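# Structure assessment
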There are 2 protein chains.
Amino acid sequence: MVNETQHTCSASSSSKSDGGSSSGSESSKDSSRCSTPVLDAERHERLREKMRRRQDSGDRWFSLEFFPPRTANGAVNLISRFDRMAAGGPLFIDVTWHPAGDPGSDKETSSMIIANTAVNYCGLETILHMTCCNQTKDDITGHLQKAKKLGLKNIMALRGDPVGEEWEEEVHGFNYAVDLVKHIRNEFDDYFDICVAGYPTGHPEAESYEADLKYLKEKVLAGADFIITQLFFRSETFLKFMKDCQDIGITCPIIPGIFPIQGYHSLRQLVKLSKLEVPQEIKDVIEPIKDNDAAIRNYGVELAVSMCRELLDSGMVHGLHFYTLNREVATTEVLKRLGIWKEDPRRPLPWAVSAHPKRRVEDVRPIFWASRPKSYIYRTQEWDDFPNGRWGNSSSPAFGELKDYYLFYLKSKSAREDLLKMWGEELTGEESVFEVFTCYITGEPNKNGHKVTCMPWNDDPLATETNLLKEQLEKVNRRGILTINSQPNINGKPSTDPIVGWGPSGGYVFQKAYLEFFTSNEIVTALLKVLKKYESRVNYHIVNVKGQNITNAPDLQPNAVTWGIFPGREIIQPTVVDPVSFLYWKDEAFALWIEQWAKLYEEESPSRMIIQYIHDNYYLVNLVDNDFPLENCLWQVVDDTFELLN
Amino acid sequence: MVNETQHTCSASSSSKSDGGSSSGSESSKDSSRCSTPVLDAERHERLREKMRRRQDSGDRWFSLEFFPPRTANGAVNLISRFDRMAAGGPLFIDVTWHPAGDPGSDKETSSMIIANTAVNYCGLETILHMTCCNQTKDDITGHLQKAKKLGLKNIMALRGDPVGEEWEEEVHGFNYAVDLVKHIRNEFDDYFDICVAGYPTGHPEAESYEADLKYLKEKVLAGADFIITQLFFRSETFLKFMKDCQDIGITCPIIPGIFPIQGYHSLRQLVKLSKLEVPQEIKDVIEPIKDNDAAIRNYGVELAVSMCRELLDSGMVHGLHFYTLNREVATTEVLKRLGIWKEDPRRPLPWAVSAHPKRRVEDVRPIFWASRPKSYIYRTQEWDDFPNGRWGNSSSPAFGELKDYYLFYLKSKSAREDLLKMWGEELTGEESVFEVFTCYITGEPNKNGHKVTCMPWNDDPLATETNLLKEQLEKVNRRGILTINSQPNINGKPSTDPIVGWGPSGGYVFQKAYLEFFTSNEIVTALLKVLKKYESRVNYHIVNVKGQNITNAPDLQPNAVTWGIFPGREIIQPTVVDPVSFLYWKDEAFALWIEQWAKLYEEESPSRMIIQYIHDNYYLVNLVDNDFPLENCLWQVVDDTFELLN
């Protein structure tokens, strides 16, 4: 009878910890809090395991290659490109390494920092390229240690181009990628997943195609986990290469590198660098249209789509690697046409996760940073342990200071002149500030005809969920309740709900209604009178920039405001209103008035003084309606407050 | 404006852990799981703090004194008396110390073990008496260390009666209670709350009433936290004593010891021991009715009620201490008439809590032991840390063996002959076992006219909550689905619901439907076929005595089956179905067939063989319906199973 079932295991309760070992040492910490990884097995896996899982399940995937930008502005743009392209669900991205560009430095444009940002702030599985030629062992070890510390788990081990004409092999030096692979395995054991490069037509410097295959096998034997190939122009080239690899005993995944032709000059440059020959049939098409970028890109997309289809149809290819050249349109189009760009509206958690290994078990955050996840990650980057659901207790680490409002990954995507158009070239009083908040909520243009698409507290347009509250939000902002965060109450919607759902299917999600806003002393005075009527139902925290803090929260305990119930799981409660971290958030929320808004104006200008006045005198208020099964009473609280004022 | 509000505090986020310190070192462990103490402030407090809280709030309270029983059977009875009297809400109980009776030993009748049971298994705040006269320092330290290890937090420090006629003070010995108080404070710092005895009419051996008051003050100065008085017969006696104490500067709580007269002989004996004089007006009433126990007890109750009323009405008394003489009726009646017996149907958690300090933060248990909380506490007594919500992980401690089924606090309250009447003098087959289960569910007498009020897995009648499922349970037990644990699904009832509510008011409680039963191989085979249809909705664990284990639970994660949402709190999830601990429970659940039932019969008797057969061949099954907002599907699962069998 037992044979009829799928899951059978013989277990005896006398073997003390059977079963426990499977959860791995990192997840079996002292903390007994349920961690989200259970909800999302992939979040716990290394890249090579993810690849295998996709291969086993037959799910096709893609990955994206980027190079580090040249300027700080370029970095801001690249990071928002990461965020946008993350929506399509790449298995990983990789960041190239250019020895001349100080790639391991702390500069915002270095390979190291871009990869760090992708992992930690964009939540992307990331491979950092690294070359070894002309570098000392100590330098390389230093780069690897730094990468590890930053949470990077994957290295693309490359030789790199020798500097100078008369490069010669150094004895005991790093002459080939295989030396770097060996070094990583020697010094870091199995910590990193290692990728190496394959050359479908042989490396240009190799004696022969066959010799090059042997080098590739050596790299795999030295410890590489998978291979990404150089670009090629015909699917047959790759398929033959793959078969040849298999014939000599290379069994690890081999991922074809796809280069959608996007322009005449970029193609020429790449061909020159890679010493590849462009097939005549392609040249024949391109040469006549070489000055028509759009035509070339359309052709490149067509070509890439049909080559990718051949690869996927061969049954030998499960994933495709794209050389994006840091561009978005062509690759996205190819992926969409192939049907492997998969925008999944479901979220593993209500907030943007980070891919740093130590944050894999992070499953709870204060709601305050909901629109500033990168800032939250930045301010908690020194924390040793996640999850941490009790910021208030003495053992919890403190939040880092946020003085670096201009760190490229925290910076607004908009330029100063655009911000001035949105938020007003010249403010005439508090009411003109109310107007900005109101326009942001309604999506209507301001009186100068500009739409307000971001605010200092939120660099993106209103969340879909917040749209549910639009009408009420508009009303209250117009009257000086300047909302910066809110969520409706939810009494058990399916976890697959397109607007408020998160986590795996089959569950139910819940929310307590939340409202956070800046407002004047006068309104707060009335509000506090009204709140007495709601004492047992509504929890509030009211604080000004000096830290005067008024609350009815018991014992500085966090209040869970989002939670989910899933089949066969403990309860997940990913967002809380935490009284202690609110005081850290308060500093940031008030500072944003000055850093992002006031500083747009000349010192001592009336506009700047208006913002400064609000910063100095307003209160930051948050309200939670604990009675989630009933109709949200927070709007009534606000209405009562206005009524009292009239 | 800020002055208008009740809760105002000035806090700056730059002081790193402000607020956190208030939660105390024991609650601020690494674990970030929410702990129940938040729900019930008293559970975190020491006895003296609880007393102060009651005094401040004006809530009147009572406490109960017991002496250790003489026999093992007496111990069983006393423990179930503890459980019953706990229902009225005593602030604490205390257990007396009799040097001649080996009070610090491990015997089931020792003061130490009775106090241990009260704290750990009955969840009662407990004071252990301890005398010091004629004992060595090492002995006393040993007793105190043992008491601390067992989780006792309060000591009543007494001199005790000197042994022998010619007792003389020993130099540097323990001659008076004050020596013991000093010793406890020297050796154990502030760990214990210390109580000392007060004598409203002066200690019989004291030179004078005034001299005795001075001794009392010395005991308080040496570190006693409060005073319980010897019994007295008139409220004036106590009130004068209390005033005299205050006049010489004794400020700690003084609790009057109340002795409801329960019989002529017990009164005479007590008077002899305490060398008190019974007032003439009482003698006048008692002497004529000295052979009428009921009349004396009625009189004693009247007398106690009126004296207690005078004490409480004086405004000086907040708590009353009762000398119960291990009896229940008189004290309970006095308390009920005074209105301070407070049966609170609300539970802090869905299960019986333990008062051991290390378990103060315990907030989650596997559902399996729901009807055997004492066994759960016993089997986890060696655990160092609570809460522990992840029995499955490698860092969690193992469950202790349960071989001692006859430990007095785990033993059935019923005698062998009563069990045989309930469970059958002679079994004729599996059907007669089905009949026993069915009668337990329905409450109807069995065919010999006896009601089945307990089962090996549950020493009490059916829980009120289970009554909700009675009809279905009856049907399935009749057909051989032998249920031992179940709960209905609950989709957000108020936490004050009289049947399924728990925790503070203003919250909402939830449950997933749960069903646990023994059943035959044949039924399990059909059940597994049926369960395929419910794969994504129902989680199951099916195991036989040999440990063959069939489950669809993901990754050995616990499944939360009871949880509560409260204002301003994190989610509380006090019961889970935990796959790993299920295998420990399985051993116990199967063993109970043999230990509690089979062993009632002669070896090799047909009745015994029937139970042995079930033990060897049946499966233990648990089912969880994850879709708590929908109608419970578990009955449908069972119906489908029977249908498949037909």
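Residues numbered from 1 in each chain as written. Chains lettered and ligands numbered in written order. Predicted model: local features only at pLDDT ≥ 70, side-chain atom pairs only at ≥ 80, totals over all residues. Heavy atoms only, no water.

### Details of the overall build of chain A
The helix and strand tally for chain A stands at 21 helices and 19 strands. Within the span of chain A, comprising 646 residues, buried residues form 60% of the whole. Within chain A, contacts between residues at least 6 apart in sequence are counted, and of these 73% link residues at least 24 apart. (Helix = DSSP H or I, 4+ residues; strand = E, 2+ residues; numbered from the N terminus. Buried < 20%, exposed > 50% of the residue type's maximum accessible area, 1.4 Å probe, protein only. Contact = heavy atoms within 4.5 Å.)

### Thoughts on the packing of aromatic side chains
Considering all chains together, one arrives at 54 aromatic pairs over all chains under this definition. Measuring from centroid to centroid gives 6.4 Å for A:Phe92 and A:Phe226, while their planes differ by 45 degrees, and the two rings are tilted. Taken together, the positions of A:Phe92 in strand β3 (residues 92–95) and A:Phe226 in strand β7 (residues 226–231) put the pair 134 residues apart, joining distant regions of the chain. Of the two residues examined, A:Phe92 and A:Phe226, each falls in the buried class. Taken together, the aromatic side chains of A:Tyr508, A:Phe510, A:Trp563, A:Phe628, B:Tyr508, B:Phe510, B:Trp563 and B:Phe628 make up a single cluster linked through ring pairs. Residue placement shows B:Lys148 over the ring face of B:Tyr191; its charged tip is 4.7 Å from the ring centre. The lysine or arginine in question, B:Arg479, covers the ring of B:Phe642, its NZ or CZ lying 4.0 Å from the ring centre. (Phe/Tyr/Trp six-rings, centres within 6.5 Å; stacked < 30°, edge-to-face > 60°. Lys NZ or Arg CZ within 6 Å of the ring centre and 35° of its normal.)

### So, the packing of helix α18 (residues 521–533) of chain A against helix α21 (residues 634–645) of chain A
All names here are of chain A. Contact pair α18 / α21: the axes reach a minimum separation of 8 Å and the direction vectors enclose 120 degrees. On the basis of their axis angle, the class for α18 and α21 is oblique. Regarding α18 and α21, the two cross each other, and that crossing is right-handed. Judged by residue contacts, Glu522, Ile523, Ala526, Leu527, Lys529, Val530, Leu531 and Lys533 of α18 engage Val637, Asp640, Thr641, Phe642, Leu644 and Leu645 from α21. Broken down by class, the residue content of the contact of α18 with α21 amounts to nine nonpolar, one polar and four charged. (Axes fitted to C-alpha atoms, helices over the stretch in contact; angles between N-to-C directions. Parallel < 35°, antiparallel > 145°, perpendicular 65-115°, else oblique. Left-handed = near helix turned anticlockwise from the far one by under 90°. Nonpolar A, V, L, I, M, F, W, Y, C, P; charged D, E, K, R; others polar.)

### With respect to the sheet that holds strand β4 (residues 126–131) of chain B
Residues and elements named next belong to chain B. Overall, parallel pairing links the eight strands, which are arranged β2-β3-β4-β5-β6-β7-β8-β9 in a closed barrel. Going from strand to strand, the sheet's axes swing by 30 degrees on average, the running direction of each strand aside. Packing against the sheet, helix α3 (residues 111–120) makes contact with β3 (92–95) and β4, and its axis sits at approximately 165 degrees to β4. (Pairing = 2+ DSSP bridges.)

### Focus on the domain arrangement of chain A
All names here are of chain A. Under the domain assignment, chain A is made up of domain 1 (47–163 + 171–263 + 300–337) and domain 2 (369–645). Computed over C-alpha atoms only, the centres of domain 1 and domain 2 are separated by 40 Å. Of the residues lining the interface, 14 residues belong to domain 1; the matching set on domain 2 comes to nine residues. Overall, the association of domain 1 and domain 2 removes approximately 940 Å² of surface from exposure, summing both partners, and the carbon and sulfur fraction of that is 68%. Counting the surface domain 1 buries against domain 2, the share from its top three residues, Val76, Glu108 and Tyr121, is 59%. Counting across the interface, domain 1 meets domain 2 through one salt bridge. Two residues, Asp83 and Lys374, come together in a salt bridge whose shortest N-O distance is 2.6 Å. (Domains from an automatic or database assignment. Buried area = accessible area lost by both parts, 1.4 Å probe. Salt bridge = Lys/Arg side-chain N within 4 Å of Asp/Glu carboxyl O.)

### Examining the pairing of strand β6 (residues 193–198) of chain A
Residue and element names in this part refer to chain A. Among the six residues in β6, six count as buried, and that is most of the element. Residues of β6 alternate between two faces, with Asp193, Cys195 and Ala197 on one and Ile194, Val196 and Gly198 on the opposite face, all of them buried. The pairing of strand β5 (residues 154–158) with β6 spans four bridges and is classified as parallel. When the bridges of β6 are listed, Ala157 appears paired with Val196. You can see the chain leave β6, run along helix α7 (residues 209–221) and come back into β7, and the turn it takes is right-handed. (Right-handed = clockwise from strand over helix to strand, strands pointing away.)

### Observations concerning the sheet that holds strand β4 (residues 126–131) of chain A
All names here are of chain A. Spatially, eight strands are ordered β2-β3-β4-β5-β6-β7-β8-β9 in a closed barrel, and the strand pairing comes out parallel. On average, adjacent strands in this sheet sit at an angle of 30 degrees to one another, irrespective of strand direction. Strands β2 (61–66) and β9 (319–323) of the sheet are contacted by helix α12 (residues 329–338), whose axis makes an angle of about 160 degrees with β9.

### Overview of the pattern of salt bridges
If charged atoms from side chains of opposite charge come close, those side chains can pair. Residues and elements named next belong to chain A. In the structure shown here, the tally under the stated rule is 62 salt bridges over all chains. For the salt bridge of Asp193 with Arg46, the shortest nitrogen-to-oxygen distance reads 2.6 Å. Of this pair, Asp193 sits in strand β6 while Arg46 sits in the loop between α1 (24–27) and α2 (47–57), placing them 147 residues apart in sequence. The salt bridge involving Asp639 is made with Lys475; its shortest N-O contact spans 3.8 Å. With Asp639 in helix α21 and Lys475 in helix α17 (residues 470–478), this residue pair connects regions lying 164 residues apart in the sequence. What makes Asp639 partly exposed here is its relative accessible area of 28%. The class of Lys475 is partly exposed, set by a relative accessible area of 46%.

### Description of the environment of A:Pro366
Residues and elements named next belong to chain A. Inspection of the secondary structure puts Pro366 in strand β10 (residues 365–366). Pro366 sits in the buried class, given a relative accessible area of 3%. Distance in space between the C-alpha atoms of Pro366 and Pro567 is 25 Å, their sequence separation being 201 residues.

### With respect to unusual backbone geometry
Where the residue is not glycine, phi is negative for most of them; where a peptide bond is considered, it is trans in most cases. Residue and element names in this part refer to chain B. In the Ramachandran plot, Asp102 falls in the positive-phi region, its phi being about 55 degrees despite a non-glycine side chain. Its location among the elements puts Asp102 in the loop between β3 and α3. With a phi angle near 65 degrees, Asn134 is a residue other than glycine that sits in the positive phi range. Structurally, Asn134 is set in the loop between β4 and α4 (137–149). Judged by relative accessible area, which is 37%, Asn134 ranks as partly exposed.

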